[in-house]
Amino acid sequence: MDATFFIAAGIAVLATLRVITSYNIMHALLYLVVSLLAVAVVIYVYGAPFMAVLEIIIYAGAIMVLIIFFVMMLNLGLETSEHEKAWLRPRIWIIPGILCLILLGEMLFLIIQNRQPAGNIQVVEPKAVGMALFGPYIIAVELTGILLMAGIVGAYHLGRQQKKISHRFLENFEL
Amino acid sequence: MILLILLFILLGGALLSWIAASRSVLLSRWVALGALLADLVIILQIWIAHPAAGTQWIYSYRASWIPHFGISLHFSMDGLSLLMLVLTFFLGALAVLISWKEINTRVGFYHFNLLFVLAGITGVFLTMDLFLFYFFWEMMLIPMYFLIGIWGHENREYAANKFFIFTQAGGLLMLLSILALYFIHAANANVYTFDYFDLLHTPMQQSTARWLMLGFLVAFLVKLPAVPFHTWLPDAHTEAPTAGSVILAGLLLKTGAYGILRFVIPLFPEASQYYANLCMLLGVIGILYGGMLAYAQTDLKRLIAYTSVSHMGFVLLGAFSFNELAYQGVVVQMIAHGISTGALFIIAGTLYERIHTRNILQMGGLWAGVPMMGSAAMIFVMASLGLPGLGNFVAEFLILIGSWQASRWLTVFATIGLVVATAYSLRIMQKVFFGSYTREEQLPDLNKRELLVVVSLVIVILLLGLYPQPVLNTSQKTEQKTAYVVR
Amino acid sequence: MSFDDFLSLGPLITLSAAAVISMLLVAIRRNHRITYAFSLLAYLMAMTAIIPAMLFIPHTIPPLLVIDEFSLFNTGLILVSGFIILLLSYNYFEEREERKEEYYLLLLLATTGAMVLVISRHFMSLFLGLEILSISLYGLIAYLRARERSDEAGIKYLILAALSSAFLLFGMALVYAFTGHMDFNGIGDALRQTGHLPVTVMAGFAMMLIGVGFKLGIVPFHMWAPDVYEGAPLPVAAFIATISKGGMLVVLIRFYQDIHGNEYTMLWWVLAIIAVASMFAGNWLALRQENIKRILAYSSIAHMGYILVAFLSGVQTGLEAISFYLVAYFITSIGAFGVLIVMSSSVQDAETVEDYRGMFWRYPWVAVVFTAMLLSLAGIPLTAGFIGKFYIVMAGVNAHMWFLLFMLVINSVIGLYYYIRIIAMMFKLPDTGAGSVIKPALPVAGNITLMLLTALLLGLGIYPTAMMQLIQQMMKMIV
Amino acid sequence: MNSALIPAIPFLSACILMLGWKRINRTAVSVIACGSLALSALIAVVAAVQVAQHNGAPQMLQVWNWMQVAGFRAGIDFRLDALSVVFVLVITIVGFLIHVYATAYMHDDEDYSRFFACMNLFVGAMLVLVMADNLVLLYLGWEGVGLCSYLLIGFWYKDPANGYAARKAFIVTRVGDTAMAFALFLLYQHTGTLHIQGVLQAGAQLWAKGDPAVTMIALLLLGGAVGKSAQLPLQTWLPDAMAGPTPVSALIHAATMVTAGVYLIARTHTLFELAPAAQTATAVIGGMTLVIAGVSALVQTDIKRVLAYSTVSQIGYMFLALGCGAWSAAIFHFVTHAFFKALLFMSAGAVIVALHHEQDMFKMGGLKKLLPGVFWVFLIGSASLAALPFVTAGFYSKDQIIWLAWSAAGGGTGYWITALLGALLTGMYTFRMFFLVFYGEARTHVHHRPGARMMVPLYILAVLSTVAGFVELPHTLGHVTLFSHWLLPVLPAVQVVTESAALEWTSQAVSALLSFAGIGMAYMWVMKHPQGMREFLEMPAIVWLRGCWQRGWDFDEIYDALLVRPFVFLSQINSKDLVDKIYTGLARAMEWCHNMMARTQSGILRWYIMGVVLGAVAILSVLIWRLYEI
Amino acid sequence: MNMHPTTAGLLLAGILFVLGLISVLIRRNIIFMLLSVEIMLNAAGLAFVVASSHWGTADGQVMFMFILAMAAAEVSVGLALILQLYHQLRTLDSDEANRMHG
């Protein structure tokens, strides 16, 4: 528990705030990457170096890159920013914002109600994680495999560009 | 076993007549009629064999059904059930006869529903297991719903829905009460059972008993129907086909009355005493309010429907008077009302077949064309206003003389209801049969089939009015109330 | 992993292996019929795999899974339902989509996910099961890509499911942070030791409830349901209505039992309010709805409310009631969707109430089946739904929850209206063809399946004893 | 001879006629209808002889058990005692005569068979009424005659007005019947039986004189009697009942049914004796009715309405007698009244038929020459009604009542004066009618002369109207007490407090004088100074008064405003059943809820998320709230 | 500052979670929504890690890994769906996708 945490936390929150508020999707994504990196630092601070690495590699690396690639593929440019600007009117966000802030308040309040004895941050070595992962949780790992398979099959089926086919009722659709 | 046979004849007949319709419509009708006549013969034989059954259990059948809950197929018959079944099969047979020409679409399905609803009613009158009772209670709704909803008049769906929703609402409250009773009994006796005889003497706190009684009562009041739960009835009666109206008025309403006599009062004697005045008041309000409404109607069937509300008020009044006279009066009223109102509906139906309107303002002077129908109508109108010598008088007189002992003022108002009854009943004659005839066409009078139906009803109502003793003997309260034998 | 574990997990393993194999099959050669047949076989094999699994019950595979009678029963239920849905699917997809094979793959995976749910006793397995189910469902809901509403439904479901998963996860994290356990028993024991319930754990439960509530489709997390039911292919909607909800409900029961949920009045109250709100919202929404798919969605919201009443009773009868009700509800829902499937033409799903006008006179048997299903949903005697509702009310009475029961009664009455509205429509005398009349496909397999379902429905309605005994026995183990 | 046959034969005949419908030809119908009554009359005579042989010991007959419930028993049981025999004889004999008359009167009617069916049914019901051994059976007869009255008033149903008149008769009498029903309930409550003799015996033991219970019962019975006998305040139906065919008016609304109230009170006289208040009420009602109806009769133009009001008035006499405790006098007046009023009605009927259904007296006149036979019988009837001294039966019966109104234990000067006033009025209206119809110039052509079948019954009744009086002659004039003696086993002798021959003479003289005065005034009014009279009548105040009297003192209007219109209004405004509004309102509310809820299903994803968040907020709020709660 | 470290970590997770939630609520662009959900999932994962460090067990971290996996699968399917939707609607506005309602 030191300044590192607070700095990282501050950066994370600020960067996330920028994600919410920026009109340009690319900017938002980059801010999100920043935020994720900051979170990785927090994770590191909390004694989970392996997870911090994974956070950077998978989240900031793989997933964000995927989204960025996707955005670039759709070629969403200025026009989208304009849209975002138009959409992000106070009229739209004020009530949900308040609602969420209430929720935030409630959550924080409830978390602060914590009466546990304070303990130090305990470092969990990657080895221990590995032991757990391939010890008791081996079934879970396998299930994750199934999970990913479901994701892949789903993404494959949905993402595939449709061929122009002459099906009796598909003819009407312009693809 | 004979009780099961009674049920199975109906159910079998229902299926058979549905199947038969694909071959021949006429065959379907005959099958339905045959099944009902067979049941009628059986039940009459039973009646002859047990002329003074009273509250003794003359037949009983019991088999396990859902032992997990303590539910059994338990049927028993005493004098009350016997009488109700006689009425059921008699009116059932007439209902088939009366729809002989009226119903021409989906005849097989029609008879299936008709017999099915009768089977449900039979079950209700026979079963001595509360779960089974609820089962039959709900079971008779669906076919009735179809009878109204498919073969009814213009506004049939509204009426059918209303009927269905009202009775279901009441029924569900009853279900809550049944279950509560079940658990209270289980907590006391540590036996989980829905058996009527086991639940009869369940000790419980008075406040609980009152609530439970209300649950039962509401279901029966809806079915009876008592003000303010009556509004489904005019719609249902008006829109139903003739046979549907006959069954509704003649039998379905009786299940409510039967429920009060069989379940509410025996199961919750103290609570019934507690609410007796309220119930009697409701009865009297029903008598007067129904009468008033009947007077204001222009739709003939609606008018008759409201007279039902009025007449069933007497049932409520009598049932909660707690004396033998009123009780017997109630039983006779159930039968007499079934006959007389059924007959009035039949007449309304036959009139509708001829002039295609139910609006009494468009009738008038019909006596000249259809004197036989007029005479029959006159007899039943007189029955409905409680003329001595016809069945309703016996009933109403016994009820009133009995309720007089219980509550003088309520009886006074109920008796005033007879004056109102005179007003609306005579209005029927005045508007429909008297006055000058304005129609162009010549109306055919009752044909042979209709005559058979009407005459048999006339005979019954006269017998009931002049020699009700067999009925009274059968419904009397005999000693050894719960002793019964399994046969 | 021991041999016992292996056998105990037989159904799960069979099904997931089947998923892999069928993926290979698809990769080798696309053939609808083969994939279909293989999937059917997979379900049958998984069902048979239950039998050896029964030898070891109750069998715990620490820390994630537990196989006892309850989970096996529900596994069976899920497999049978999945099998029936599969049976009904063939024609539906044959006519609608050029790439049908992935559907079976996803269906197998989704079923696997649900099966993981019913055997899980740990946050991790709960989460993974849920996500397998969810992610397969994203694919399934949007499966018919050509249909405009499919992807809309898919995206809505995806965003909301992910959101609710986030809530669930955050809740889990809170619970874990303050109890140090992720397995249900451990949490229960930890809470027992603390004596009082830490507020933060309570908050964790509350947030988990959002995730669970979303899957169950209870108020106020129900809003996705009608859109998804409407947009999804009919068999998938049937799947969501039954297996997805059933699986979640089972894990909820287990969790609630293990943490002794009925000791926490606050939780009870929240659930009670949700139950009442669900009943009212579902029934009100369905009241004058014209689209039958949406009606079924709304009715399922209401039914979840009914189930919650039994759930809240906290007595053994309540759990039995839920199990029985689930069985009845599965049969009924699949039957109802089955009718929709059978009645749909390749061009148009038979989904508006108006499409069913006078159906009794044209397709009497299908109409009778549909009537039976709707009556069962309404809880009218001779059907399984009646016994189910009776069971629930019984549990409620046993627990003296008069207010909830009263609400249930009111809602049953409201519910009647829209069920009989459909019935009335079917029995209307057919008018001379106004509007487009759907030319239904009426596949033979579908019809036979429907007959079987009806027979089952009536059978359970008339003679429920055997099923009840089974359930009772099973519940003795878990309570 | 089984006396149950007396009512049974008319019933049987009614059934045959009803079922036979139009298949039986008119001759057969006539034979069956009249024959059955002749047979009944014969049996009645035999029964009467038997009763006489046993010194008035009643003949009891139990036919079958009607209802027997928990100690309550009402059987189809008959009892023929001195009182019922009198009624039975009058009913059967007068009934027979009227039937014979009716065969001619109704000859051209298309519903000939239905008419006689109803008539026979009526006779049967009336016989049941008077022969019933218990009050329930009596009630059956009571309502039965009401039904037949209804059917016959509305016999010519094609005119809706007749139907309304019939309905009015039924409903108004039903009001009285309701009172009677209460009496029955009370009697059963107190005595545990409704067997008449049982009730009377039990009553005598149970109650002291003036006991409120018995007073209530007697008053309620009186209510029934008032309804049936068209006494104040329920008299309004009878004038309208003239819508029926004339034989019906003669039989039902003059001779028999309307006197059922008299019978009822006489039958239950023990109760009335125990309740002096009720008895006084009877006398007062009778007295008031006889004056009010007499006044109304004075100003009628319709011949049948004159007779109708006259009937009401004469029954008022009977009630007065009953109220004074002069039981047998009332019955005696009933007998004579039956004869002369039937005579008057039927001869009026003959006139009406002769004038082609003209009933307005002012369109008649000069018939003395045109219809001499009718003239003579009408004269005899009128004389009897106006109680011309010495030669008419009416004189003896009415005179007895007038005298006893003064002298009997329950009597008083007030009653006496009322009765005398009535005598004056009777003379006036009777002879006003008589003069109007038979004297002056003929205003309508005579179509049809009555044949033998109409005239023979009239002659017989004319004879009876004259000689019937001689069975009971006052002290001052021969002192024959055949009639009251006959009734002694049933009805106690009247207790006369003022026994003085001189006074009796005075009373008779005064009443005779007043009769003559009445006739004289009628003569002056109609014959001598019709012009002056007309001018007098045209005075505005008189016009109004006359109108009011003609409308029967506007009782109809009062009832209309107080009861009928409020009832109709109430039922009309509620014809759509307000209770139903609750449920339709409920349905509306549900629909509204649906619409509101449906709005939440906007299809917009963010809105759905909002729902989730709202749920989250709500749940956490509940949590925090509970946190502070505990 | 002397804050309970677990509480502090959870607070941070909570803040991030709600920020993500706000974003889902106020954004109409579906990609943004997906992104925001990722923020929330990430926050939940962070909470797990924090809890794990409190107890010194690996369970939380294992869970974090599964969350990562799930997020990846989610995003891939989600993007495929969005692509599909974009093809049909020619927009990424989620409010436009309201063809089903009532």
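Every value quoted in this text rests on a predicted model; they were computed, and no experiment measured them. (Residues numbered from 1 in each chain as written. Chains lettered and ligands numbered in written order. Predicted model: local features only at pLDDT ≥ 70, side-chain atom pairs only at ≥ 80, totals over all residues. Heavy atoms only, no water.)

### Comments concerning unusual backbone geometry
What is expected of a backbone is that most residues other than glycine have negative phi and most peptide bonds are trans.
Link 1 in the chain: For the peptide bond that leads from L224 of chain B to P225 of chain B, omega is -10°, which places it in the cis range.
Link 2 in the chain: The residue after L232 of chain D, namely P233 of chain D, is reached through a cis peptide bond having omega 0°.
Link 3 in the chain: By the element assignment, P233 of chain D lies in the loop between α8 (212–228) and α9 (237–240).
Link 4 in the chain: With phi around 55°, H356 of chain B is a residue other than glycine that occupies positive phi space.
Link 5 in the chain: Looking at where H356 of chain B falls in the secondary structure, it is placed in the loop between α14 (324–355) and α15 (371–384).
Link 6 in the chain: Phi at L382 of chain C is positive, roughly 80°, even though this residue is not glycine.
Link 7 in the chain: Note that L382 of chain C resides in the loop between α16 (364–378) and α17 (384–398). (Helix = DSSP H or I, 4+ residues; strand = E, 2+ residues; numbered from the N terminus.)

### Digging into the interface of chain B and chain D
Link 1 in the chain: Facing 63 residues of chain B, the contacting portion of chain D comprises 49 residues.
Link 2 in the chain: Overall, the association of chain B and chain D removes approximately 5,000 Å² of surface from exposure, summing both partners, and the carbon and sulfur fraction of that is 70%.
Link 3 in the chain: The interface formed by chain B and chain D holds 1 salt bridge in total.
Link 4 in the chain: Ionic pairing is found between K162 of chain B and D580 of chain D, a salt bridge with its closest N-O pair at 2.7 Å.
Link 5 in the chain: Linking chain B with chain D are 18 residue pairs in polar contact (both at pLDDT 80 or more).
Link 6 in the chain: If you list the elements that add at least two residues to the side of chain B that touches chain D, you get α7 (156–189), α12 (269–296), α14, α15, α16 (391–406), α17 (408–433), α18 (448–466) and α19 (469–475) of chain B.
Link 7 in the chain: Broken down by element, the residue count for the side of chain B that touches chain D peaks at 16 residues, all from α17 of chain B.
Link 8 in the chain: Of the residues contributing to the side of chain B that touches chain D, the split by class is 41 nonpolar, 16 polar and 6 charged. (Contact = heavy atoms within 4.5 Å. Buried area = accessible area lost by both parts, 1.4 Å probe. Salt bridge = Lys/Arg side-chain N within 4 Å of Asp/Glu carboxyl O. Polar contact = N/O pair within 3.5 Å; in protein donor to acceptor, adjacent residues only side chain to side chain. Nonpolar A, V, L, I, M, F, W, Y, C, P; charged D, E, K, R; others polar.)

### Focus: the side chain of E351 of chain C
All names here are of chain C.
Link 1 in the chain: Residue placement: E351 occurs in the loop between α14 (316–343) and α15 (359–362).
Link 2 in the chain: Taking relative accessible area as the criterion, E351 reaches 9% and is therefore assigned buried.
Link 3 in the chain: Apart from residues lying up to four places away in sequence, E351 is in contact with R149, E230, E290, N291, I292 and K293. (Buried < 20%, exposed > 50% of the residue type's maximum accessible area, 1.4 Å probe, protein only.)

### Description of the interface of chain A and chain E
Link 1 in the chain: Across the boundary between the two partners, chain A contributes 81 residues, which contact 67 residues of chain E.
Link 2 in the chain: For the pair chain A and chain E, the summed buried area comes to about 6,600 Å², and 79% of that belongs to carbon and sulfur atoms.
Link 3 in the chain: There are 0 salt bridges connecting chain A and chain E.
Link 4 in the chain: Joining chain A to chain E, the criterion identifies 11 residue pairs in polar contact (both at pLDDT 80 or more).
Link 5 in the chain: Broken down by secondary-structure element, the contributors of at least two residues to the side of chain A that touches chain E are α1 (3–21), α2 (25–45), α3 (49–74), α4 (78–87), α5 (90–112), α6 (126–134) and α7 (138–159) of chain A.

### Some points on the confidence of the model for chain B
It should be kept in mind that the predicted coordinates are not to be read in detail where pLDDT is low.
Residue and element names in this part refer to chain B.
Link 1 in the chain: Within chain B, residue pLDDT values average 87, and 98% of them lie at 70 or more.
Link 2 in the chain: Here α19 is the element of chain B with the lowest mean pLDDT, 85, and helix α4 (residues 107–126) is the one with the highest, 91.
Link 3 in the chain: Here residues 480–487 scores under 50 on pLDDT; set against residues more than four positions off or in separate chains, the count is 19 contacts.
Link 4 in the chain: Predicted complex, confidence summary: ipTM 0.88, pTM 0.88. (pLDDT = per-residue confidence, 0-100.)

### Details of the arrangement of the chains
Link 1 in the chain: Looking across the 8 pairs of chains in contact, one finds the most contacts between chains A and E.
Link 2 in the chain: Over all C-alpha pairs, chain B and chain E never come within contact, reaching a minimum spacing of 23 Å.

### Re the domain arrangement of chain A
Link 1 in the chain: As far as domains go, chain A holds domain 1 (2–92) and domain 2 (125–161).
Link 2 in the chain: Computed over C-alpha atoms only, the centres of domain 1 of chain A and domain 2 of chain A are separated by 24 Å. (Domains from an automatic or database assignment.)

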